[in-house]
Amino acid sequence: MIHKFFRRYFSQDFLVPSASTELRIIPRKQHGVARNRISPCAIKITSGLQQAGYSAFVVGGAVRDLLLGLEPKDFDVVTNATPEEVRAVFRRSRIIGRRFRLVHVMCGAETVEVSTFRGNSFTNNNNETVTHKHADEHGRILRDNVFGSQEEDAKRRDFTVNALFYDPASEEIWDYLDGYDDIQAKQLRIIGTPLQRYREDPVRMLRAVRLAAKLDMQIDTATAAPIGDLAPLLQNVPPSRLFDEILKLLLSGHAQICVADLRARGLYNGLLPMLDMVLTQSLGEHFITLALKNTDERVRQEKTISPGFLFATLLWHEVLTAWNTYLASGEKSTPALHMAMSDVLAVQEKKLAIPRRYDAIMKEIWAMQPRFLGRAGRRPFRLLEHPRFRAAYDFMLLRCESGEIDVEIGHWWGTFQHAKVSERENMLLKGEVSKKRRRRRARSEIVTRNVGNINTSVSDTAE
Ligand code: ATP
Ligand code: MG
């Protein structure tokens, strides 16, 4: 008891080299999670493995979420059976992954990932955690494919709340690392020595920020302490892994809090260049805050989110700056915008930040923006028919909301798209003139607005 009190309140690296590993089994009547909350597929798999003589549990995020009253995204199963042994139990299954082999077991439309208990570090007789030998010069683990015991499997996980095992047969929760108490205390605590665990895998720092926001938990003091100093380690993480993790963070439904927290903890050095810009400069800050808020609301309402749309918002003010530079050097509006878009995307590509598959949607959304300003003749009708109209329209509304363009334009398009054809004709701005005169007028009517420190050239007749 006293030991626990010390560990919880005075937890320091030098006091606690590794977490306690006494197994605590929590019965159903205490934790309250009934087996009918587990997906039928996961139950079928754990019972199938148990009948074949193996041990099998639901593990990780699903157990944590159920204890917190959240809906799990997916159910993962762990077992002491090897991938081949799992494969032999289930007809509809396949082994995936070359480096770390897992089994995907299919039931109907559902697929559950089954992994074998893993161990990658252990505590020696001096109570020190011994680093895995397949690590780079910063201690980052490169290979993580050694089978281990259930206890080792718990210890190689990231946070205590993610290391709980649920047995659907007995409805018991098995807890080696006091994760259950941490869930009750709403405390996110890394397993083992924080410094070393972040060195092994710097992505855990981002996971700490994301999970604390998602689970509404406090990051424990010792767990949070080294984060700012170790931020540069993120530069050694492969860009694709970093991208996946940032995407998870941005689409978590808590992007606004996460981004504010990343900034507060100094955790931006080496993140996606796109996010570095967002976190270090005030460029378009209001616009980005609105975009993140809007994304969070959509996620919570279970609406679809297009990552391309989100990246387009994060980079928009870079595009605007480059666009204005080209305009100032005498380029025409449309070619200037296209050159600006290409420049911004080229920087992202060079740094392997955003996969190229998102380029097309970002470009379309950006390129359509000036077209919302043309509200005469046939142009509004043509714009409505564009397959990306909806995304570009939502984007334009954010520009209205941030004060970049007149809100009246947003209202006009809101009414126009839902109006009857005859009403639409009446809404068109009058004074349709010849193309030549229109161009001449456009040049003379260009309004230069100041948006923060950015000059945006807009014209009601811009094409
Ligand atoms: P969510 O799915 O809600 O984002 P999660 O905790 O389930 O959260 P996953 O990425 O699905 O996250 O990981 C499943 C489990 O694998 C985690 O609960 C944790 O036990 C373990 N895990 C994931 N990432 C790491 C990591 N970087 N280091 C150690 N263990 C990890
Ligand atoms: Mg998960």
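Residues numbered from 1 in each chain as written. Chains lettered and ligands numbered in written order. Predicted model: local features only at pLDDT ≥ 70, side-chain atom pairs only at ≥ 80, totals over all residues. Heavy atoms only, no water.

Draft legend 1. Representation of the overall build of the protein within the structure. When its secondary structure is counted, the protein shows 23 helices and 14 strands. Here the protein holds 463 residues, and 52% of them are scored as buried. For the protein, long-range pairs separated by at least 24 residues make up 68% of all intrachain contacts whose partners lie at least 6 apart in sequence. (Helix = DSSP H or I, 4+ residues; strand = E, 2+ residues; numbered from the N terminus. Buried < 20%, exposed > 50% of the residue type's maximum accessible area, 1.4 Å probe, protein only. Contact = heavy atoms within 4.5 Å.)

Draft legend 2. Seen up close, the pairing of strand β9 (residues 164-167). Because side chains alternate across β9, one face comprises the buried residues L164 and Y166, and the other comprises F165 and D167, equally buried. One ladder, built from four bridges, connects β9 with strand β10 (residues 172-175); its direction is antiparallel. Across the sheet, residue D167 finds its bridge partner in β10, namely E172. The loop that links β9 with its antiparallel partner β10 comprises four residues; one of these, E171, has a positive phi angle of about 60°. (Pairing = 2+ DSSP bridges.)

Draft legend 3. Layout of the site of ligand 1. Inspection of the region around ligand 1 gives 16 residues, with R64, D201, R204, R210 and K214 positioned closest. One of the side-chain nitrogen or oxygen atoms of D201 is found 2.8 Å away from a nitrogen atom of ligand 1. K214 places a side-chain nitrogen or oxygen 2.5 Å from an oxygen atom of ligand 1. When isolated, ligand 1 has an accessible area of 590 Å², and the protein chains bury 84% of it. Ranked by residues supplied to the shell around ligand 1, first place goes to helix α9 (residues 203-215) with four residues. (Near = heavy atom within 4 Å. Polar contact = N/O pair within 3.5 Å; in protein donor to acceptor, adjacent residues only side chain to side chain. Areas by Shrake-Rupley, 256 points an atom, 1.4 Å probe, with all protein chains shown as cover.)

Draft legend 4. Up close: the side chain of T295. Mapped onto the elements, T295 comes out in helix α15 (residues 285-300). At a separation of 2.7 Å, a polar atom in the side chain of T295 contacts the main-chain carbonyl oxygen of A291.

Draft legend 5. Representation of the sheet that holds β10 in the model. As summarised here, the arrangement of the eight strands in space is β1-β10-β9-β2-β3-β6-β5-β4, forming an open sheet in which the pairing is mixed. If you trace the sheet from one side to the other, it starts and ends with β1 (24-26) and β4 (93-96), each paired once. Pairs of neighbouring strands in the sheet enclose a mean axial angle of 30°, with direction left out of account. (Axes fitted to C-alpha atoms, helices over the stretch in contact; angles between N-to-C directions.)

Draft legend 6. Region of the structure containing the packing of aromatic side chains. If you walk through the whole model with that rule in mind, you get 18 aromatic pairs. A ring pair is formed by F287 and F395, whose centres lie 5.7 Å apart and whose planes are at 65°; its orientation type is edge-to-face. Of this pair, F287 sits in helix α15 while F395 sits in helix α20 (residues 389-401), placing them 108 residues apart in sequence. Each residue in the set F372, F381, F389, Y393, W412, W413 and F416 is aromatic and connected to the rest through ring pairs, giving one cluster. (Phe/Tyr/Trp six-rings, centres within 6.5 Å; stacked < 30°, edge-to-face > 60°.)

Draft legend 7. Examining the pairing of strand β2 (residues 56-59) more closely. Residues A56 and V58 of β2 are buried on one face, and the alternating residues F57 and V59, pointing to the opposite face, are buried as well. Relative to strand β3 (residues 76-79), β2 runs antiparallel, the two being bridged by four bridges. Residue pairing in the sheet places V58 in a bridge with V77 of β3. Sheet topology note: the β2/β9 ladder contains two bridges and is antiparallel. By the bridge assignment, V58 is partnered in β9 with Y166.

Draft legend 8. Unusual backbone geometry, seen in detail. Unusually for a residue other than glycine, D178 sits at a positive phi of about 60°. Here D178 is to be found in the loop between β10 and α7 (179-184). A positive phi is found at E302, a non-glycine position, where the angle reads about 55°. Counting through the fold element by element, E302 comes out in the loop between α15 and α16 (307-328). Judged by relative accessible area, which is 74%, E302 ranks as exposed.

Draft legend 9. Spotlight on the state of the cysteines. Going through the model one piece at a time under the given rule, you end up with one disulfide. Here C41 pairs with C107 through a disulfide, and the sulfurs are 1.9 Å apart. Its S-S torsion of about 70° marks the bond between C41 and C107 as right-handed, since a negative value means left-handed. Of the two residues, C41 is situated in helix α3 (residues 40-51) and C107 in strand β5 (residues 102-107); the sequence distance between them amounts to 66 residues. Each member of the pair C41 and C107 is classed as buried. (Disulfide = S-S within 2.5 Å.)

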